[in-house]
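Each chain, letter by letter, is given below.
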Amino acid sequence: MTSIKVSRVARAAALCVGALVFAGAHAAGDKTAYDQVRASAKATYDADKKRCDTLSGNAEDICEAEAKAKRVRAEVEAEATWKGTAKARQNATEKIAKADYALAKERCDDMNGNAKDVCEKEAKAAQTRVLADAKVAMKTGEARGEAVKDKRQADYKVAAEKCDAMSGDAKSNCITQAKKRYGM
């Protein structure tokens, strides 16, 4: 049962990692939308926390960890979208993984002995997998970006070399067009 809950957490976190890491194609969002998401997340968290207060023991702890994980996810995803940087997405992934891990550990507290130890190890493994996947995606994205830049520079050099056969205004126009086409 525990591995089912932990693997659900791991799958949800992995989907989040993918969404955050590959969201780099989107332009940075506006601050107003970010502020609205934060306010909404706080209001939802406050309502969830009040609901948790009606519980007791570990059920209350789990409820609070769920509320916190939901708030963290909403806020850091909004921040990553707003900032639109790879670093912001990486930070969001780390914070979400940490919150999901705290939630999974709270769920493990209902267990005893080896079952609890296994549950905690599964939770830690799920967090490690998410962070490792995020690291790979980050490095892959960086490598892709460098490759695109290298290709563009190589293509520009070819175009500029072709312009060298020209002279005067034709050469100037050719170089201007090449720079515009290859973003130089």
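Residues numbered from 1 in each chain as written. Predicted model: local features only at pLDDT ≥ 70, side-chain atom pairs only at ≥ 80, totals over all residues. Heavy atoms only, no water.

Draft legend 1. Main features of the overall build of the chain. Scanning the chain for helices and strands turns up 6 helices and 0 strands. The helix and strand sequence of the chain, counted from the amino end, reads α-α-α-α-α-α. Residue pairs at least 24 apart in sequence account for 69% of intrachain contacts in the chain once pairs closer than 6 positions are excluded. (Helix = DSSP H or I, 4+ residues; strand = E, 2+ residues; numbered from the N terminus. Contact = heavy atoms within 4.5 Å.)

Draft legend 2. A look at the confidence of the model for the chain. Chain-level pLDDT for the chain is 86 on average; 85% of the residues reach the 70-or-more range. Helix H3 (residues 57–83) holds the highest mean pLDDT among the elements of the chain, 95, whereas helix H1 (residues 2–21) holds the lowest, 48. Below a pLDDT of 50 lies the segment residues 13–27, which in the model reaches 26 contacts outside its immediate sequence neighbourhood of four places, other chains included. (pLDDT = per-residue confidence, 0-100.)

Draft legend 3. Examining the packing of helix H4 (residues 86–108) against helix H5 (residues 113–163) more closely. As a packed pair, H4 and H5 sit with axes 9 Å apart at the nearest point and diverge in direction by 170 degrees. Taken as axis vectors, H4 and H5 run roughly antiparallel relative to one another. Contact residues: Ala 86, Lys 87, Gln 90, Thr 93, Glu 94, Ala 97, Lys 98, Tyr 101, Ala 104, Lys 105 and Cys 108 in H4; Lys 116, Cys 119, Glu 120, Ala 123, Lys 124, Gln 127, Val 130, Leu 131, Ala 134, Lys 135 and Met 138 in H5. (Axes fitted to C-alpha atoms, helices over the stretch in contact; angles between N-to-C directions. Parallel < 35°, antiparallel > 145°, perpendicular 65-115°, else oblique.)

Draft legend 4. The arrangement of the pattern of salt bridges in detail. Applying the stated criterion to the full structure yields 10 salt bridges. Glu 64 is the salt-bridge partner of Lys 49, the closest N and O atoms lying 3.3 Å from each other. Of this pair, Lys 49 sits in helix H2 (residues 31–52) while Glu 64 sits in helix H3, placing them 15 residues apart in sequence. Relative accessible area serves as the criterion here: at 27%, Lys 49 is assigned to the partly exposed category. Among the salt bridges present, the one from Arg 71 reaches Glu 75, with a minimum N-O distance of 2.9 Å. Of this pair, Arg 71 and Glu 75 both sit in helix H3, 4 residues apart, which is roughly one turn of the helix. A relative accessible area of 17% means that Glu 75 is categorised as buried. (Salt bridge = Lys/Arg side-chain N within 4 Å of Asp/Glu carboxyl O. Buried < 20%, exposed > 50% of the residue type's maximum accessible area, 1.4 Å probe, protein only.)

Draft legend 5. A look at the packing of aromatic side chains. Scanning the model with the defined rule gives 1 aromatic pair in all. Residues Tyr 34 and Trp 82 carry aromatic rings whose centres are separated by 4.7 Å and whose planes lie at 10 degrees to one another, so their mutual orientation is stacked. One end of the pair, Tyr 34, is in helix H2; the other, Trp 82, is in helix H3, with 48 residues separating them in the sequence. Positioned above the aromatic ring of Trp 82 is the side chain of Lys 31, whose terminal nitrogen or guanidinium carbon lies 5.1 Å from the ring centre. We note Lys 124 situated over the ring of Tyr 101; from NZ or CZ to the ring centre the distance is 5.1 Å. (Phe/Tyr/Trp six-rings, centres within 6.5 Å; stacked < 30°, edge-to-face > 60°. Lys NZ or Arg CZ within 6 Å of the ring centre and 35° of its normal.)

Draft legend 6. Local environment of H5. For H5, with 51 residues, the first-to-last C-alpha span of 75 Å sits near the 75 Å given by 1.5 Å per residue. Residues of H5 that are buried: Cys 119, Ala 123, Ala 126, Gln 127, Val 130, Ala 134, Ala 137, Met 138, Tyr 156, Ala 159, Ala 160 and Cys 163. (Expected span 1.5 Å × (residues − 1).)

Draft legend 7. Region of interest: H3. Here H3 spans 39 Å end to end across 27 residues, near enough to the 39 Å set by a 1.5 Å rise per residue. What H3 keeps buried is the set Asn 58, Ile 62, Cys 63, Ala 65, Ala 67, Ala 69, Val 72, Glu 75, Val 76, Ala 78, Glu 79 and Ala 80.

Draft legend 8. Up close: the side chain of Gln 127. Residue position: Gln 127 is located in helix H5. Look at Gln 127 and you get buried, because its relative accessible area is 11%. Excluding anything up to four places from it in sequence, Gln 127 contacts Ala 97, Lys 98 and Tyr 101.

Draft legend 9. The arrangement of the environment of Arg 73 in detail. Its place among the elements puts Arg 73 in helix H3. Overall, Arg 73 belongs to the partly exposed group, its relative accessible area being 22%. Separated by 26 residues in the primary sequence, Arg 73 and Ala 99 place their C-alpha atoms 8.2 Å from one another.

Draft legend 10. Structural detail: the packing of H5 against helix H6 (residues 168–182). Between H5 and H6, the least distance of the axes is 9 Å, while the angle of their chain directions is 170 degrees. The angle between H5 and H6 places the two elements in the roughly antiparallel class. Along the contact surface, H5 presents Arg 152, Asp 155, Tyr 156, Ala 159 and Cys 163, while H6 presents Lys 171, Cys 174, Ile 175, Ala 178, Lys 179 and Tyr 182. Its residues placed into classes, the contact of H5 with H6 shows 7 nonpolar, no polar and 4 charged. (Nonpolar A, V, L, I, M, F, W, Y, C, P; charged D, E, K, R; others polar.)

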